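Working through the structure, step by step
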There are 2 protein chains.
Amino acid sequence: MIYADYNGSAPLCEDVKEYLVNRFQTGPFANPNAIHHQGQQVLMAMENSRSVVAKALGAKMNQVIFNSGATEGCSTIFHSILDDALENGRSTIIMSGIEHSAIRNTANWYTENKGYELKTLPTTRDGIVEVEFLNKWIKEAPEKIAMVTVMAANNETGVIQPLKQISEICSANKIPFFCDTTQYIGKVPFSFKDSGIDYAITSGHKFGALTGTGILLAKDRTTLKPIIIGGGQEKGLRGGTQNYIGNETVAVALTTISKNFGKIEELARKRIKFETKIKNNYPSVYIIGEKAPRLATTTYIAYRGIHGQAVQIELESQGIFVTTSSACSDNEPVTSKVLKAMGLTDDIGRGVVRISVGLCSSLEVYEQIYEALSKAYDKLEQIKSY
Amino acid sequence: MIYADYNGSAPLCEDVKEYLVNRFQTGPFANPNAIHHQGQQVLMAMENSRSVVAKALGAKMNQVIFNSGATEGCSTIFHSILDDALENGRSTIIMSGIEHSAIRNTANWYTENKGYELKTLPTTRDGIVEVEFLNKWIKEAPEKIAMVTVMAANNETGVIQPLKQISEICSANKIPFFCDTTQYIGKVPFSFKDSGIDYAITSGHKFGALTGTGILLAKDRTTLKPIIIGGGQEKGLRGGTQNYIGNETVAVALTTISKNFGKIEELARKRIKFETKIKNNYPSVYIIGEKAPRLATTTYIAYRGIHGQAVQIELESQGIFVTTSSACSDNEPVTSKVLKAMGLTDDIGRGVVRISVGLCSSLEVYEQIYEALSKAYDKLEQIKSY
């Protein structure tokens, strides 16, 4: 069995499993806000986890807010920035056209319900956001821009965006830059400080921590406004008894991931080899974002004229689990919004499967996927030609 | 070691530990929204958990929304009801004076930021909400009441509120009734249907499920508006990849709890025996809410003239972990807001400790706590008399 849907959700990391099995035996279990020793032990372990997370992500401890995941982080950040931006004359949200549906839906909510205007940044055919438009739009009316939101790496294509350029433009114009780093953290070494990003988010389940965990990074935490009010936890920024067990697993998983960063180059090399071989043997194959900088662990691949879902099912029959686009839009039989934004047509859009592995995956994974994928293509080519 | 801070947070239930250790070995781990078999298996297990939860709580499956905990539930419900109540002329929130800080802070946020008016229901000296005031206020201007929020059982005192009466009044006047059932679910058999409540909430960590889990129950889910927007999960009511592992543990823990409901009477009897014995031996002792219907698992006890924190430390030195008030206000050296609302004075307020056990606790727990508490009182009486 090869699980190749890490961009959808990563399996629980082996180190996290081991950590939890031990933790279940020894405890402690308590409310981290309680005054007794058990509570204080839990609190200390959680703050230690925060320190590990901060270090792993190049952030300060007070920039790390634990929450339930990237989508909560997204809603918190939009609320924080847009709660009063309009009344200060900042009415425009600039968003890339390839954002995850969580970001897109949230931005649309603010345009439909709160009167914001949304400007969508175009991307190249390889899925890279065109920064010159950002520059142009900001120059036209910098005082009107409420926020810029561009993701770090795309969930479907794995294409890495020009973060540093975007953060420099935003910073020079004092415009908050929210970057969805959900597919980036845990796959690429990341320094929040060096990135210049104002707000970043991720979900623990994307890199092997427990489901229902997440991190919000804020350059200046005083700019945050909670959407979950509650009893003052996370210094008043996120109410509710802290998910201390979950937060500990975030630290464990990020530590394991950091140890695996050495594998990135080798994986990237093997991935390119796999893609090249497939393309050479199947001229109808198209690799999305091929020429762009991409995560070493993602291949988004289409066979023109063969439906992605057929390929997915064929791979599944060989014990390889992939998706057609993102998990959230997997059931839509149409070309994904990301591919449409990249200007790709339906013959490619309907043929895609997303193959995404993790830094903990075996280095042989791409050879195995090659074997399975070519078998699938061979079979489906035959059926097609009847 | 006796852990007696279940109202703060319950230890992970033994059945949940066992379940997770097995689950970690077998998997599957996947995004429940993915189309492949692993994703579908995860989805089915999660929906099965929803069905178990619904059955355990006397609700329909489509009334159960999984989230990250009671505080998130609270913010979601306030947002759902109050987003447009004011513009429909419904400007008053009626809340009890003994609500948990999460509810209180959220209600205050709406009065301070959105122009709502807050009316606080008084309670008897035993901590029971005075329903006649609710009746009176609603009769005065039923069309002005946006919502009523009264908890099911108080987190400090364990006093159970007249839910049925309140829900009937609200229902007759078509006023949404939000009931914080966080301290009730998992401690008392509960039927959402029979309760007549419109919205209920709880956190999994209060009854032995994983931290970071929660349930929102809504009589009519179409009245809900999400605060976490995201990609349409939980039928559009709570965005973000579902915490499927956590949600499974909610079902496991509630199943275990249901099996232990038979212990309630015995625990209640032993609790009364313990309280009576302590009172007989220490005339300065005051049991808060003594005459009210209370959870079988909570004793809120004051020794006039001896500081609660001193008692808590003495108990801790004997391996018994209790808190002085609730976990969230444990560090405040003043009489808790709940006790103030009940009209209790500082000589009691400063002397309290909260002893809270769970339905999985040993039936001998109250005998052991009696031994430890009398030792603590003896020692502190001596010190006091110097």
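Residues numbered from 1 in each chain as written. Chains lettered and ligands numbered in written order. Predicted model: local features only at pLDDT ≥ 70, side-chain atom pairs only at ≥ 80, totals over all residues. Heavy atoms only, no water.

**Regarding the interface of chain B and chain A**
Taken together, the contact between chain B and chain A spans 60 residues of the former and 60 residues of the latter. Linking chain B with chain A are zero salt bridges. The interface formed by chain B and chain A contains 21 residue pairs in polar contact (both at pLDDT 80 or more). If you tally residues by element for the side of chain B that touches chain A, the top one is helix α4 (residues 101-114) of chain B, at five residues. (Contact = heavy atoms within 4.5 Å. Salt bridge = Lys/Arg side-chain N within 4 Å of Asp/Glu carboxyl O. Polar contact = N/O pair within 3.5 Å; in protein donor to acceptor, adjacent residues only side chain to side chain. Helix = DSSP H or I, 4+ residues; strand = E, 2+ residues; numbered from the N terminus.)

**Side note on the domain arrangement of chain A**
All names here are of chain A. For chain A, the domain assignment lists domain 1 (2-10 + 261-385) and domain 2 (14-259). Placing the centre of domain 1 and that of domain 2 at their C-alpha centroids yields a distance of 27 Å. Listed by partner, the interface residues are 36 residues for domain 1 and 32 residues for domain 2. For the pair domain 1 and domain 2, the summed buried surface comes to about 2,700 Å²; carbon and sulfur atoms form 56% of the total. Three residues, F261, L295 and M342, lead the burial of domain 1 against domain 2; their summed loss comes to 26% of the area buried on that side. Between domain 1 and domain 2 we count zero salt bridges in total. Linking domain 1 with domain 2 are 17 residue pairs in polar contact (both at pLDDT 80 or more), by the criterion used here. Listed by contribution, the elements that provide at least two residues to the side of domain 1 that touches domain 2 are β10 (298-303) and α11 (337-341). Per-element tally for the side of domain 1 that touches domain 2: the top contributor is α11, with four residues. (Domains from an automatic or database assignment. Buried area = accessible area lost by both parts, 1.4 Å probe.)

**Some thoughts on the sheet that holds strand β8 (residues 214-218) of chain B**
All names here are of chain B. Read across the open sheet, the seven strands follow the order β2-β8-β7-β6-β5-β3-β4; overall the sheet is mixed. Every other strand in the sheet has two partners, leaving β2 (64-67) and β4 (117-121) as the edge strands with one partner each. The sheet shows a mean angle of 20° between the axes of neighbouring strands, direction not considered. Relative to β8, strand β7 (residues 199-203) is paired through five bridges, and the arrangement is antiparallel. When the sheet's bridge partners are listed, S203 is paired in β8 with G214. Across the sheet, helix α3 (residues 70-82) touches β2, β3 (92-96), β5 (145-149), β6 (177-180), β7 and β8, and the angle it forms with β7 is around 160°. Its contacts with the sheet place helix α5 (residues 131-140) against β3, β4 and β5, and it is angled at close to 150° to β4. (Pairing = 2+ DSSP bridges. Axes fitted to C-alpha atoms, helices over the stretch in contact; angles between N-to-C directions.)

**A short note on the relation of the copies chain B and chain A**
After a rotation of 180° and a shift along the axis of 0.0 Å, chain B superposes on chain A with an RMSD of 0.0 Å. The superposition of one copy onto the other is thereby described by a two-fold rotation axis. When the interface residues of chain B are mapped onto chain A, 100% of them are again interface residues, pointing to one common binding face. (Least-squares fit on C-alpha atoms with pLDDT ≥ 70 in both.)

**Section: helix α1 (residues 14-26) of chain A**
Compared with an ideal rise of 1.5 Å per residue, which puts 13 residues at 18 Å, α1 of chain A spans 19 Å between its outermost C-alpha atoms and is within 8% of the ideal. Every buried residue belonging to α1 of chain A is among V16, K17, L20, R23 and F24 of chain A, and all of these are buried. The buried residues of α1 of chain A occupy one face: seen down the axis, they fall within an arc of 130°. Along α1 of chain A, the residues that are exposed and aim more than 90 degrees away from the buried face are E14, E18, Q25 and T26 of chain A. The inward-facing, buried residues of α1 of chain A contact α2 (37-56) and α8 (244-259) of chain A together with α1 (14-26) of chain B. (Expected span 1.5 Å × (residues − 1). Buried < 20%, exposed > 50% of the residue type's maximum accessible area, 1.4 Å probe, protein only. Arc of directions from axis to C-beta.)

**Brief notes about the pattern of salt bridges**
Residue and element names in this part refer to chain A. With the rule as written, the count across this model stands at 40 salt bridges over all chains. Among the ionic pairs, K379 bridges to E314, the shortest N-O distance being 3.0 Å. Within this pair, whereas K379 is found in helix α13 (residues 365-385), its partner E314 is found in helix α10 (residues 308-317), the two being separated by 65 residues in sequence. Exposure remark for K379: the relative accessible area of 39% places this residue in the partly exposed category. Salt bridges linked by common partners bring E47, R50 and E234 together as one network.

**Some remarks on the packing of aromatic side chains**
Applying the stated rule across the entire model yields 23 aromatic pairs over all chains. Aromatic ring contacts, followed pair by pair, group F78, W109, Y110, Y116 and F178 of chain A into a single cluster. Note that K277 of chain B overlies the ring of Y370 of chain B, its terminal NZ or CZ placed 4.3 Å from the centroid. (Phe/Tyr/Trp six-rings, centres within 6.5 Å; stacked < 30°, edge-to-face > 60°. Lys NZ or Arg CZ within 6 Å of the ring centre and 35° of its normal.)

**Description of the nonpolar core**
V148 and I288 of chain A together with V148 and I288 of chain B are the most contacted members of the largest nonpolar core, which has 204 residues in total. With near-sequence residues (within four places) excluded, I288 of chain A lies in contact with T157, R294, Y300, I301, A302, L339, M342, L344, I348 and V352 of chain A. (Core = buried A, V, L, I, M, F, W, Y, C linked by side-chain atoms within 4.5 Å.)

**A look at the side chain of T149 of chain B**
Residue and element names in this part refer to chain B. Within the secondary structure, T149 is located in strand β5. Reaching out from T149, the side chain makes a polar contact with the backbone oxygen of F178 at a distance of 3.4 Å. Dropping the residues within four chain positions of it, T149 is found in contact with F78, I93, I94, M95, S96, E99, I103 and F178.

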